[in-house]
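Residue-level structure breakdown
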Amino acid sequence: MIIGFGGVKGGVGKTTLAVNMAVMRSLKGRDILLVDADDQATASDFTAIRNETLETGAGYTAIKLHGSAVRSEVMRMVDKYDDIVIDVGGRDTAGQRAAMSIAHRLLVPFLPGSFDVWTLETVAELVEEAKAFNDHLMVYTVLNRADHVGQDNEEAASIALEIQGLQHLDTPLGNRKIFRNAGGMGLGVVEYRPKDKKAIAEISALYTALFA
Ligand SMILES: Nc1ncnc2c1ncn2[C@@H]1O[C@H](COP(=O)(O)OP(=O)(O)O)[C@@H](O)[C@H]1O
Ligand SMILES: [Mg+2]
């Protein structure tokens, strides 16, 4: 399966969720290719830390791709891996369109707060264009960095639910320090010690929703 993490916003958790899914998938014994299609290269940095610090290495293969090569190179490698995870980046770029043209699934995280959730309309327009030549594409939204309290989570989720063409997953991830700390150490949330049971439950629910 080719699964992308994209959207048109930065700082919403695309890379965090992409690398966590790559780690969790590889821990299940699957042969994973992580494609870093974002020029900020955070997923590549995360992988480099893993290769330097973990005895077993990263546990998956990682490459950087840019623009239309995201499509051509991934298509060349699709049969060589069980799953290909693409960290697409947060703008309407050639790389984003290329990823949408080949992905089976695309996850678009968003933050609580209406400014952020309205950018999903722009994503929906891109998705509609991509679906014209990619029948496989299923696009999911998920609330990330959800507040502990307050109405913003529900408000944002209810807007996301209304947007045509995007399927909202009811598997929100809280705003938790462990997501930052684990990422900075090159670890998946499930690998970080001491364990944060709430964070592990959230990321596992997302994993199940995406890969079930
Ligand atoms: N659920 C979360 N709780 C707390 N911090 C988070 C969470 N998800 C992501 N972050 C942090 O937010 C910042 C942006 O996340 P990142 O994955 O780099 O976003 P993007 O790839 O969409 O630009 C990073 O510092 C990351 O550690
Ligand atoms: Mg990123």
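The coordinates are above.
Residues numbered from 1 in each chain as written. Chains lettered and ligands numbered in written order. Predicted model: local features only at pLDDT ≥ 70, side-chain atom pairs only at ≥ 80, totals over all residues. Heavy atoms only, no water.

**With respect to the overall build of the protein chain**
In terms of helices and strands, the protein chain carries eight helices and seven strands. Compactness check: the protein chain gives a C-alpha radius of gyration of 16 Å against a globular reference of 17 Å for 212 residues, within 12% of the reference. In terms of principal-axis extent, the alpha carbons of the protein chain reach across some 45 × 40 × 30 Å. Buried residues in the protein chain amount to 54% of all 212 residues. Residue pairs at least 24 apart in sequence account for 79% of intrachain contacts in the protein chain once pairs closer than 6 positions are excluded. Just so you have it, the protein chain exposes about 10,100 Å², and 50% of that area is on carbon and sulfur atoms. Across the protein chain, the centroid of the 22 positively charged side chains sits 6 Å from that of the 28 negatively charged ones. (Helix = DSSP H or I, 4+ residues; strand = E, 2+ residues; numbered from the N terminus. Rg over C-alpha atoms; globule rule 2.2 N^0.38 Å. Buried < 20%, exposed > 50% of the residue type's maximum accessible area, 1.4 Å probe, protein only. Contact = heavy atoms within 4.5 Å. Areas by Shrake-Rupley, 256 points an atom, 1.4 Å probe, with all protein chains shown as cover. Lys, Arg positive; Asp, Glu negative; His and termini not counted. Charge placed at Lys NZ, Arg CZ, Asp CG, Glu CD.)

**Points about helix H1 (residues 14-27)**
With 14 residues, H1 should cover 20 Å at 1.5 Å per step; its first-to-last C-alpha distance of 20 Å lies within 8% of that length. Of all the residues in H1, the buried ones are Lys14, Thr15, Leu17, Ala18, Val19, Asn20, Met21, Ala22, Val23, Met24, Arg25 and Ser26. Glycine 29 sits one or two positions beyond H1 and adopts a positive phi of about 90 degrees. (Expected span 1.5 Å × (residues − 1).)

**Focus on the pattern of salt bridges**
All told, the structure shown has seven salt bridges when counted by the stated rule. Arginine 176 serves as the salt-bridge partner of glutamate 202, at 2.7 Å between the closest nitrogen and oxygen. Of this pair, glutamate 202 sits in helix H8 (residues 197-211) while arginine 176 sits in the loop between strand E7 (167-168) and helix H7 (177-184), and the two are 26 residues apart along the sequence. The network of salt bridges with common partners includes Arg25, Arg30 and Asp83. (Salt bridge = Lys/Arg side-chain N within 4 Å of Asp/Glu carboxyl O.)

**A word on the pairing of strand E1 (residues 2-5)**
Covered by surrounding structure in E1 are Ile2 and Gly4 together with Ile3 and Phe5, the residues of both alternating faces. Sheet topology note: the E1/strand E4 (residues 83-87) ladder contains four bridges and is parallel. If you follow isoleucine 2 over to E4, its bridge partner there is isoleucine 84. (Pairing = 2+ DSSP bridges.)

**Quick word on empty space enclosed by the protein**
Counted according to the given criterion, the structure contains one cavity of 30 Å³ or more. Considered as a void within the structure, the largest cavity measures approximately 40 Å³ in volume. At the level of secondary structure, the elements contributing two or more residues to the lining of the largest cavity comprise strand E5 (105-110) and helix H5 (114-131). Residues of the lining of the largest cavity, tallied by class, amount to six nonpolar, three polar and two charged. (1 Å grid on protein atoms, 1.4 Å probe; cavity = no way out; pocket = protein on both sides within 12 Å on 5 of 7 lines; lining within 4 Å. Points joined across faces, edges and corners; volume = space filled by probe spheres on them. Nonpolar A, V, L, I, M, F, W, Y, C, P; charged D, E, K, R; others polar.)

**Notes on the site of ligand 1**
Near ligand 1 lie 14 residues; those nearest to it are Gly11, Lys14, Thr15, Thr16 and Gly174. Interatomic distance of 3.0 Å between a backbone N/O atom of valine 12 and an oxygen atom of ligand 1. At 2.5 Å, a side-chain N or O of threonine 16 approaches an oxygen atom of ligand 1. Against a free-state accessible area of 560 Å², the protein chains account for coverage of 82% of ligand 1. In a pocket analysis with a 2 Å cut-off to the grid points, ligand 1 is assigned to the largest pocket. Here the element with the most residues in the shell around ligand 1 is H1; it accounts for three residues. Tallied by class, the residues present in the shell around ligand 1 amount to two nonpolar, eight polar and four charged. (Near = heavy atom within 4 Å. Polar contact = N/O pair within 3.5 Å; in protein donor to acceptor, adjacent residues only side chain to side chain. Sits in = over half its atoms within 2 Å of the grid points.)

**Topic: the environment of tyrosine 81**
In this structure, tyrosine 81 sits in the loop between helix H3 (69-77) and E4. Taking the relative accessible area as the measure of exposure, tyrosine 81 reaches 17% and is therefore buried. Along the chain, tyrosine 81 and arginine 30 lie 51 residues apart, while their C-alpha atoms are 8.1 Å from each other. Leave out the neighbours within four places in its chain, and tyrosine 81 touches Asp31, Ile32, Leu33 and Thr61.

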